[in-house]
Amino acid sequence: MFETLTKAPGDKILALMGEYAADTRSSKVDLGVGVYKDEQGVTPVMSSVRKAEERILANEKTKTYLGIAGNKGFGAAVLDLVLGNSGVNRSRIRIAQAPGGTGSLWILMQLINRARPGAAVYVSDPTWANHNPIAINSGLKVATYPYFDAATRAVKFDAMLAALDRLTTEDVVLLHGCCHNPTGANLTHEQWDKVAQSLVRTGALPFIDLAYLGFGDGIEADAYGTRKILSAVPEALVAFSGSKNFGLYRERIGAAILLARSPDEADVTNSQLLNIIRGAYSQPPDHGAEIIRTILEDASLRAEWEAELAQMRNRMIALREKLASAIRERSNSTDFDFVAEHRGMFSLLGLTPEAVEHLKAENGVYMTSDSRINVAGIPEERVGDLADAFLAAAR
Ligand SMILES: Cc1ncc(COP(=O)(O)O)c(C=O)c1O
């Protein structure tokens, strides 16, 4: 049977990680892989997570199945975190735990395809490399809306809004809730207001990918767009990830959230969501969910987690400012100031693929071929070297 298959394309990031590992230069720098790293270049287990795990180990009474929707306390805590005091009507909302943000995106795309087979999902140009395959594998079509202005490295907001205004009730719009991947360019709160108004006008279904809550400007600021949209529209979907903000990458913890027109419609839609999960992996694993529940429900662990999250966020913002100012000093220009304006883990530098190759070959600086850098991967003592290398590559 397998002779019918041809080799699937390899994953570019994994290939880049392999090349980096094989590079023997001690001066090499990894700005490619999309995980947070601390000053030592380590992706740490957060202290609040470790304490929660100790409590779980000491108190766990059973390993029996969780149920299709997963850990109920986790679901309630994540809804509180995402919705805050926004006054979104909870009776129209349902949540199901899922394996990571990716698993959440996958079950929600399956749900869209059940509701409207072959619907078009509009993604930002560019978007996270996994959005398209998840949509296509779910039977959906992918189209794009303008997003990143390669000249200013900011959001092309007028063009984006004009494209969103042309959508219909048949369409789905995938929005990055905050910390856009790969560009690092984000909507202002006023722009989110306008996007919400556009969605109300057109009736297109908003689908928010919330993979970096707390990594940009803080939990409240980063949740603004999601809360605004969920307060304004009749129907919406949100894919939440706990991989980055809780540092739980390998625990595969996320949540699929749906907002329906009425409580009855929410129940019907949720029954389809649960049916999709049952027919895929039956029930989610508990460990990551129980960690997040334990942290969010306990005032002192929650305060500790928020402080650790702020530390990660502030470190990334400081690295952005350092790199932008090192480049400004050397070049006497503000051409790279966008790095300090961007938020989240990534910035798209706007270099050519040749320049990216050159940086790898000459300087041992690794980034994805679209010139996306992970700012958390910048070693602080190498900021000057990187500024020199980026300026040389941009010439
Ligand atoms: C934009 C975006 N969405 C979703 C995810 C999913 O993350 P995970 O499945 O690890 O929770 C990522 C991870 O890199 C991402 O960058």
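Remember, predicted model here, so these are calculated numbers, not experimental data. (Residues numbered from 1 in each chain as written. Predicted model: local features only at pLDDT ≥ 70, side-chain atom pairs only at ≥ 80, totals over all residues. Heavy atoms only, no water.)

Peer 1: Lay out the pairing of strand β8 (residues 205–210) with the relevant residues and their values.
Peer 2: Burial within β8 is extensive, with six of its six residues counted as buried. The side-chain alternation of β8 yields two buried faces, one formed by Leu205, Phe207 and Asp209 and the other by Pro206, Ile208 and Leu210. Direction of pairing for β8 relative to strand β9 (residues 236–241): parallel, over a ladder of four bridges. Across the sheet, residue Asp209 finds its bridge partner in β9, namely Ala239. (Buried < 20%, exposed > 50% of the residue type's maximum accessible area, 1.4 Å probe, protein only. Helix = DSSP H or I, 4+ residues; strand = E, 2+ residues; numbered from the N terminus. Pairing = 2+ DSSP bridges.)

Peer 1: For the packing of aromatic side chains, give the residues involved together with the corresponding values.
Peer 2: Within this structure, the stated rule accounts for six aromatic pairs. On the basis of an interplanar angle of 85° and a centroid distance of 5.2 Å, the ring pair of Tyr20 and Tyr366 is categorised as edge-to-face. Within this pair, whereas Tyr20 is found in helix α1 (residues 12–22), its partner Tyr366 is found in strand β12 (residues 365–366), the two being separated by 346 residues in sequence. An aromatic cluster of three or more residues is present, and its members are Tyr36, Tyr212, Phe215 and Phe346. The ring of Tyr20 has Lys28 sitting right over it, with the charged end atom 4.4 Å from the ring centre. (Phe/Tyr/Trp six-rings, centres within 6.5 Å; stacked < 30°, edge-to-face > 60°. Lys NZ or Arg CZ within 6 Å of the ring centre and 35° of its normal.)

Peer 1: Describe the pattern of salt bridges, and please don't skip the residues or the numbers.
Peer 2: For the structure on display, the rule yields 23 salt bridges. In this structure, the salt-bridge partner of Glu357 is Lys360, at a minimum N-O distance of 3.2 Å. With Glu357 and Lys360 both in helix α13 (residues 353–363) and three residues apart, this pair spans about one turn of that helix. A residue is classified by how much of its surface remains accessible, and Lys360, at 13% relative accessible area, is buried. (Salt bridge = Lys/Arg side-chain N within 4 Å of Asp/Glu carboxyl O.)

Peer 1: Quick rundown of the UniProt feature "coiled-coil region" (unreviewed entry) in the protein? Include the residues and the values.
Peer 2: The UniProt record annotates "coiled-coil region" (unreviewed entry) at residues 302–329. As a span, residues 302–329 carries 100% helix and 0% strand, and end to end its C-alpha atoms are 40 Å apart. (UniProt positions renumbered as here; feature names shortened; annotations may be inferred.)

Peer 1: Quick one: what's the story with the side chain of Asp38, residue by residue and with numbers?
Peer 2: Along the polypeptide, Asp38 turns up in the loop between β1 (29–30) and α2 (47–59). For the buried Asp38, which has no salt bridge, the nearest side chain bearing the opposite charge is Arg315, at an N-O separation of 6.1 Å. Within the structure, the side chain of Asp38 is placed 2.9 Å from the backbone nitrogen of Gln40, a separation counted as a polar contact. Once you skip the residues sitting within four places of it in the chain, Asp38 turns out to touch Pro44 and Arg315. (Lys, Arg positive; Asp, Glu negative; His and termini not counted. Polar contact = N/O pair within 3.5 Å; in protein donor to acceptor, adjacent residues only side chain to side chain. Contact = heavy atoms within 4.5 Å.)

Peer 1: Report on the site of the ligand, specifying residues and quantitative values.
Peer 2: With respect to spatial proximity, the complete set of residues near the ligand consists of Gly100, Gly101, Thr102, Trp128, Asn181, Asp209, Ala211, Tyr212, Ser241, Ser243, Lys244 and Arg252. One of the side-chain N or O atoms of Asn181 is found 2.7 Å from an oxygen atom in the ligand. The side chain of Ser243 places a nitrogen or oxygen atom 2.5 Å from an oxygen atom of the ligand. A total of 400 Å² of accessible area belongs to the ligand in isolation, and the protein chains cover 91% of it. The element that contributes the greatest number of residues to the shell around the ligand is helix α4 (residues 100–115), accounting for three residues. A per-class count over the shell around the ligand returns three nonpolar, six polar and three charged. (Near = heavy atom within 4 Å. Areas by Shrake-Rupley, 256 points an atom, 1.4 Å probe, with all protein chains shown as cover. Nonpolar A, V, L, I, M, F, W, Y, C, P; charged D, E, K, R; others polar.)

Peer 1: So, the domain arrangement of the protein: which residues are in play, and what are the values?
Peer 2: In terms of domains, the protein is made up of domain 1 (11–44 + 302–394) and domain 2 (65–297). Counting residues at the interface gives 25 residues for domain 1, matched by 26 residues for domain 2. Taken together, the two surfaces of domain 1 and domain 2 that pack against each other cover about 2100 Å², and 61% of this comes from carbon and sulfur. A salt bridge links Arg343 to Asp217; the nearest nitrogen and oxygen atoms lie 2.9 Å apart. Applying the counting rule to domain 1 against domain 2 returns twelve residue pairs in polar contact (both at pLDDT 80 or more). Put simply, the parts of the chain that give the side of domain 1 that touches domain 2 at least two residues each are α11 (299–331) and β11 (346–348). Among the residues forming the side of domain 1 that touches domain 2, the class breakdown is twelve nonpolar, six polar and seven charged. (Domains from an automatic or database assignment. Buried area = accessible area lost by both parts, 1.4 Å probe.)

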